[in-house]
Amino acid sequence: MTSLRYNRTNRFILYSALLLCSVMFVLPLFLTLSNSLSPWFDTPDFLPRAFEIENYRFAVTMIDFWKFAKNSVFLCLITVTTTTLSSGLVGYAFSRIDAPGKKVLFMIVLSTMMLPGIVTQIPTYILFHKYGLLNTFYPWLIWGLGGSSFFIFLYRQFFSVIPKELEEAARIDGCSIFRTYWNIFLPLSLPVVATVSIMTFQGAWGDFISPFMFLNEAKYPLATALSTIGYVYERSVIIQQVAAAASILFMLPVIATFFLGQRFLIEGVVTSGIKG
Amino acid sequence: MQHRSKLTRWKERGSLRFPFFLLMKGVDLIRTERSRRTLAFYLMVSPWVVVFAFFGLYPLFYGLYLSFTNFIGFNIDRLRLVGLQNYKNVFSDTDAIYSLGRTIYIAIVYVPIGTAVGLLLALLLNRSIRGMGIYRTIFYLPSIVPLVSVGLMFRFLYADKDGIINTILKFFHLPALNWLGYDYATLSLVIMLVWGAGGGILINLAGLKGISRDYYEASSIDGASSFQKFFRITLPLMTPVIFFNLIMGFIGALQMYIQPILLTGTRLLDPPIRPNYFYAVHAFQQVFAFQRFAYGMALLWIMFVVILLLTILIFTTSRYWVHYETDQEG
Amino acid sequence: MKKKGYLLLGLIMAVGLTACGNNKSGSETNSPVKEGNESQQASPSDKGGKDADPIVVRFNINNDEISTEQIKQFEDDNPGIKIQREDTDATKLAAQLATGEAPDIIRISGVNDTPSYVIRGIAMDLTPFIQKSSIIREDDLGPATNVFRFDGKVQGQGPIYGIPKDWSPDYTVWYNKKLFEAAGVPIPDASQPMTWKELFELSKKLTITEGDTIKQFGLGILGKSEADLPWLMTYLLSKGVTLSSSDFSSIDYDKPEVKEGLGLWVDAVKANVGPNQINQDKAAWGGEIFLTDRAAMMLSGYWFSGLLRNDEHTKTHLDDFGMLPAPIAEGGKRVSPTGSATGAIINKATKHPEETWKVYEWYFGGKLAEERAKGGWGVPAMKHLVEMLPQTTEFDKQAFKVLQGELNYSNDVLEVNPYLLNGDALLKKHLTPVYFGKSMLDEAMKQLNKDASTLLKEGMSAAQK
């Protein structure tokens, strides 16, 4: 937004707003951090009464942390690559191509999000049992190839603001529909692709229910391991402080992905497209 | 069982590539524009359709079937059909009716506010100044940090005796409130939810970045102020994204489950305080606490119908206010 | 900026392409998928009867309750058998039972789950195995095994369906001397039980508030300091009152004894004797305040001594702590039951009953049970192991002495209606408005009866063959 010229007052307001919000938004992370450095069985507080860095060592040694992290990475890799590309394709069709039955089909896509997973969990387990897919990563690959309703909808919305002229120009140049999507729409939508990738990663990294249902412990991702195995002292007494340390470690990749991924949120690509 | 053999074949070949990139080539051979487009459309949506047909349909219908039985978790080998009994029970279940009312209430209050705040935060972040990446990351933290930590933090803020908010109120000689009691619990929840609206900044930012700079430059030449630019360019071009956020917001709000629980307790089966006892909470309580699987599913199917109707309603209004480059609705 | 954009796009595409390449060649990235298939085949349900393959016994138990070293030791001693530890929950178990994929050994809470698992036809009768066993002998089993007995009508009688890992009389009281001194209150006599009313009065005296902040709590429990169902059933056991009809088809909470007991808690919540929904203290359970010297008393079983002995903070001043007998109801008889007794059943549908029993016997009897007894984290299920509990320090001795007294009163079993799953959640839901003064106990109990009767009707209908 270089067109806005900032004078001192504007700048002051901007930075105060940013700072104020930052403090508000960083609080729970800070709280978790404090908790992760507290002695065991302490009541959580804003400032830790000690500096127990050891909790982090326990977080990675009390359970097979790195094995679970490896599973997480693998699951995310499958999910992010397939979902991002596949959803884009489907979203493009819903956004830019007219065909009979499109509206009804789109409503069906949307409606799959309106039913909580619990309704289909047990039937899905039975289905996977029949297909022999239990305790394999195939379901994630197939789910990914099918795309996700949420991101199909998201892509559809974004593709629908790209100027018509662009599409027409492509057609005159003799581009097929698929090529128009792959060579023109997708590259122009980098911010969306980045958004979808980040969110898919975050979703896949954080999902603990599906892996719990359909995988055995050896294949659990970190999210499932942390929520089911967890850090228990004895007699189901959870060590909140070590759990907090683990959740900090668990969050780091997501924060890093976001930080790196948000750089892709850049403007100018669409502009150059129109000019060119 | 065709899909089954297909799957095995894929496994054998060790390749899971869809044959459809090849088919894409074939599309070009069809001459009429209309049928060519139709075919292209169905080919492009086929990944979703195929996976849905093989992975989605059976569980959905099975789930629907279960809602007409006496399924309570262990009796799947001797299920009995009970007709519409579970559905009838929903309408005589005072908790279900009460919680549905509360759910619709909070959805109507929260979703518009949350959507607006998400957009405002994104506008604040849509600048090129030093360190913006860090601000963006911090603003996004609410949707990264586990909800358990968020719940804990808000209980710190809201606590009755030594809560931070009450301490501040007392400092200014204002009366302390029982934020998590009956009278203020819903307000407290809305505050917590709005606080978390930063999760929407990613989609909003992507939307803002998609608006061509040419538009702004053109209107600068016409001498438009920042406000005019916002209302003439940003807002109309953001309507598809706002529309998306509204729809997803409503779907999410009506399914809201975990936030009210974590505001009150620490365990997933702790029921939230009455004013925050929402429909999905009630349904999940039935399933997880009491293992009333069939009844819980009947509850959720009714919720499905409510959400579907609401979505269709919002969709039909979209032609009046959402800006699309192509015909989408109406 | 434009250049950067394309560069990054290229990167995304490159990542995408690499993924495709790997899928095609079936190299590294693909291998975990393959691995998946193999271990799928190795799971017992898919197994053929090949002699060379070890039999896998799937053991549902928490991660902290069995160690990989222990498993390895067993597998070395028993070459034909492998143990696979697993987690499950109600939903997954339902799906597993539907497909014959359920674990061979399933962890349950003896008190709450035994009858319902027996009625559902999931639990295997272990009596024949025990009769043959030289490690687990019926006459050596202590009182807590009773909760794993069920004859279809009465819990505590009939065939044995399980054995507790270890257990505690769960309603004993732990005190912190220092905090009694701070409140200027003498410590009650450990040789005889208080009444519950006396305990709550004491808790109120021990709660110290300064202005609006609570300096010291009187009483912590395992959750928030509010009533729960096992506590209520303990109170009623002492009173000699039952809630369910003998065939479990109906249940009535609207009884004076119920309201008398719950009324004690309603007062205690108002007096802020512990963290509760109204004061919203940061502590999630009583342990947090008791271990950090913020609560004078803790209502918890003998196993809590393990926590006190091992916690970094409390182990430095163990002599400040001691145990008191479980309180009794006003005018009631003395009881000191277990509120849970974690143990396990064997899945009736197991394909390898002999091997599964071997694992079961190894875990619940023999050396592992001995090790657990020495650890002092609970009372062993077998009588001959009780002597192995820690008795070295003054703290150990005091707790052991009180425990021995309690064991004489631990034979009774808490009443549980097998068709009413998680009555605890139901009770708490109806008590919350009472704590907040939005409802009265009378009204709450009527609502509770209404909800419970719906659940009972559905539960009984589903259990019919």
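Calculation criteria
Residues numbered from 1 in each chain as written. Chains lettered and ligands numbered in written order. Predicted model: local features only at pLDDT ≥ 70, side-chain atom pairs only at ≥ 80, totals over all residues. Helix = DSSP H or I, 4+ residues; strand = E, 2+ residues; numbered from the N terminus. Buried ≥ 20, exposed ≤ 12 C-beta atoms within 10 Å, placed from the backbone. Contact = placed C-beta atoms within 7 Å. pLDDT = per-residue confidence, 0-100. UniProt positions renumbered as here; feature names shortened; annotations may be inferred. Nonpolar A, V, L, I, M, F, W, Y, C, P; charged D, E, K, R; others polar. Pairing = 2+ DSSP bridges. Domains from an automatic or database assignment. Axes fitted to C-alpha atoms, helices over the stretch in contact; angles between N-to-C directions. Core = buried A, V, L, I, M, F, W, Y, C linked by C-beta atoms within 7 Å.

Description of the overall build of chain A
Assigned secondary structure in chain A consists of 14 helices and zero strands. Going from N to C terminus, chain A has its helices and strands arranged as α-α-α-α-α-α-α-α-α-α-α-α-α-α. Taken along the three principal axes of its C-alpha coordinates, chain A extends 70 × 65 × 30 Å. Counting over 276 residues, chain A shows a buried share of 54%. Taking all contacts inside chain A whose residues are at least 6 apart in sequence as the whole, residues at least 24 apart take part in 73%.

Some details on the confidence of the model for chain A
Residue and element names in this part refer to chain A. Considering every residue of chain A, the mean pLDDT works out to 85; 94% of them sit at 70 or more. Per-residue pLDDT, averaged within each element of chain A, yields its smallest value for helix 14 (residues 269–275) (41) and its largest for helix 3 (residues 65–96) (93). Segment residues 268–276: pLDDT under 50, and 21 contacts once partners within four positions in sequence are set aside and those in other chains are kept.

With respect to the confidence of the model for chain B
All names here are of chain B. Averaged over every residue, the pLDDT of chain B is 83; residues scoring 70 or more account for 88%. Below a pLDDT of 50 lies the segment residues 9–18, which in the model reaches ten contacts outside its immediate sequence neighbourhood of four places, other chains included. In the model output, the complex is listed with pTM 0.83 alongside ipTM 0.84.

Digging into the UniProt feature "transmembrane region" (unreviewed entry) in chain B
All names here are of chain B. Using the residue numbers shown here, the UniProt feature "transmembrane region" (unreviewed entry) corresponds to residues 39–61, 104–125, 137–159, 179–203, 237–258 and 293–315. Secondary structure across residues 237–258 comprises 86% helix and 0% strand; the distance between its end C-alpha atoms is 34 Å. With 100% helix and 0% strand, residues 293–315 has end C-alpha atoms that lie 32 Å from one another.

Comments concerning the UniProt feature "transmembrane region" (unreviewed entry) in chain A
Residue and element names in this part refer to chain A. Under the UniProt annotation, the feature "transmembrane region" (unreviewed entry) is placed at residues 12–31, 72–92, 104–128, 140–159, 180–205 and 238–260. Taken as a whole, residues 72–92 contains 100% helix and 0% strand, while its terminal C-alpha atoms sit 29 Å from one another. Note that residues 238–260 is 91% helix and 0% strand, and that its end C-alpha atoms are spaced 34 Å apart.

Observations regarding the interface of chain C and chain B
Listed by partner, the interface residues are 34 residues for chain C and 34 residues for chain B. For the side of chain C that touches chain B, the secondary structure elements donating two or more residues are helix 1 (2–25), helix 4 (90–99), strand 9 (213–220), helix 16 (423–435) and helix 17 (441–463) of chain C. Grouping the constituent residues of the side of chain C that touches chain B by class yields 15 nonpolar, ten polar and nine charged.

Notes on the pairing of strand 7 (residues 173–176) of chain C
All names here are of chain C. Of the two faces of strand 7, the one holding Val173 and Tyr175 and the one holding Trp174 and Asn176 are both buried throughout. Judged from the three bridges that link them, strand 7 and strand 10 (residues 295–299) form a sheet pairing that is antiparallel. In the strand pairing of strand 10, valine 173 is matched with leucine 299. Two strands pair when backbone bridges link them, and strand 7 and strand 11 (residues 321–324) are joined in this way by four bridges, in the antiparallel orientation.

What to know about the domain arrangement of chain B
Domains assigned within chain B are domain 1 (19–54) and domain 2 (87–321). For domain 1 of chain B versus domain 2 of chain B, the separation of C-alpha centres amounts to 38 Å.

Re the sheet that holds strand 8 (residues 208–210) of chain C
Residue and element names in this part refer to chain C. The sheet built from five strands is open, its strands ordered 8-9-10-7-11 with mixed pairing. The sheet is open, and its two borders are formed by strand 8 and strand 11, each paired with just one other strand. Taken pair by pair, the neighbouring strands of this sheet meet at an average axis angle of 20 degrees, ignoring direction. Strand direction decides the pairing type here: strand 9 and strand 10, joined by three bridges, are parallel. Looking at the pairing, leucine 219 lines up with methionine 297 of strand 10.

Describing the sheet that holds strand 1 (residues 55–60) of chain C
Residues and elements named next belong to chain C. Taken together, the five strands give an open sheet; going across it, the order is 2-1-3-12-6, and neighbouring strands pair in mixed fashion. Where the open sheet ends on each side, the last strands, each with one partner, are strand 2 (81–86) and strand 6 (163–164). When strand 1 meets strand 3 (residues 105–109), the two strands line up parallel, connected through two bridges. Across the sheet, phenylalanine 59 pairs through a bridge with isoleucine 105, a residue of strand 3.

Focus on helix 7 (residues 149–159) of chain A
Buried residues dominate helix 7 of chain A, accounting for eleven of its eleven residues. Listed in full, the buried residues belonging to helix 7 of chain A are A:Ser149, A:Phe150, A:Phe151, A:Ile152, A:Phe153, A:Leu154, A:Tyr155, A:Arg156, A:Gln157, A:Phe158 and A:Phe159.

Side note on the domain arrangement of chain A
On domain assignment, one finds that chain A holds domain 1 (8–57) and domain 2 (64–229). Between domain 1 of chain A and domain 2 of chain A, the C-alpha centre-to-centre distance is 34 Å.

Here's the deal with the interface of chain A and chain B
Every contact between the two is made by 84 residues of chain A and, on the other side, 78 residues of chain B. It is helix 1 (residues 8–36) of chain A that provides the largest number of residues to the side of chain A that touches chain B, a total of twelve residues.

Observations concerning unusual backbone geometry
Residues and elements named next belong to chain C. Residues other than glycine seldom take positive phi values, yet glutamine 280 does so here, at roughly 50 degrees. Within the secondary structure, glutamine 280 is located in the loop between helix 10 (256–270) and helix 11 (286–291). One non-glycine residue, asparagine 422, lies in positive phi territory at about 55 degrees. With respect to the secondary-structure elements, asparagine 422 resides in the loop between helix 15 (394–407) and helix 16.

Overview of the nonpolar core
One finds A:Ala93, A:Leu154, B:Met44, C:Trp174, C:Leu232, C:Met297 and C:Ile345 to be the most contacted residues of the largest nonpolar core, which totals 302 residues. Ranked by residues supplied to this core, first place goes to helix 3 of chain A with twelve residues. Setting aside residues no more than four positions away along its own chain, A:Leu154 makes contact with A:Gly91, A:Val196, B:Ile203 and B:Phe244.

Concerning the pairing of strand 12 (residues 342–346) of chain C
Each regular strand shows side chains that alternate between the opposite faces of the sheet. Residue and element names in this part refer to chain C. Where burial is concerned, most of strand 12 is hidden: five out of the five residues are buried. Here strand 12 shows no split at all, with Thr342, Ala344 and Ile346 on one side and Gly343 and Ile345 on the other all buried. Here strand 3 runs beside strand 12; their pairing, made up of five bridges, is antiparallel. Within the sheet, the bridge partner assigned to serine 109 lies in strand 12 and is threonine 342. Relative to strand 12, strand 6 is paired through two bridges, and the arrangement is antiparallel. When the sheet's bridge partners are listed, isoleucine 163 is paired in strand 12 with alanine 344.

Re the environment of A:Pro191
Assignment of secondary structure puts A:Pro191 in helix 10 (residues 190–206). Using a count of 25 C-beta atoms within 10 Å as the deciding quantity, one classes A:Pro191 as buried. The spacing of A:Pro191 and A:Pro211 is 20 residues in sequence and 29 Å in space, taken between C-alpha atoms. Setting aside residues up to four positions removed in sequence, A:Pro191 forms contacts with A:Phe264, A:Leu265, A:Ile266, B:Ala206, B:Lys209 and B:Gly210.

Quick look at the environment of B:Phe52
On the secondary structure map, B:Phe52 appears in helix 3 (residues 33–66). With 19 C-beta atoms packed within 10 Å, B:Phe52 lands in the partly exposed category. It is 22 Å that separates the C-alpha atoms of B:Phe52 and B:Val306, two residues lying 254 residues apart in sequence. Those residues within four positions of B:Phe52 in sequence are excluded, and the remaining contacts are A:Gly146 and B:Leu57.

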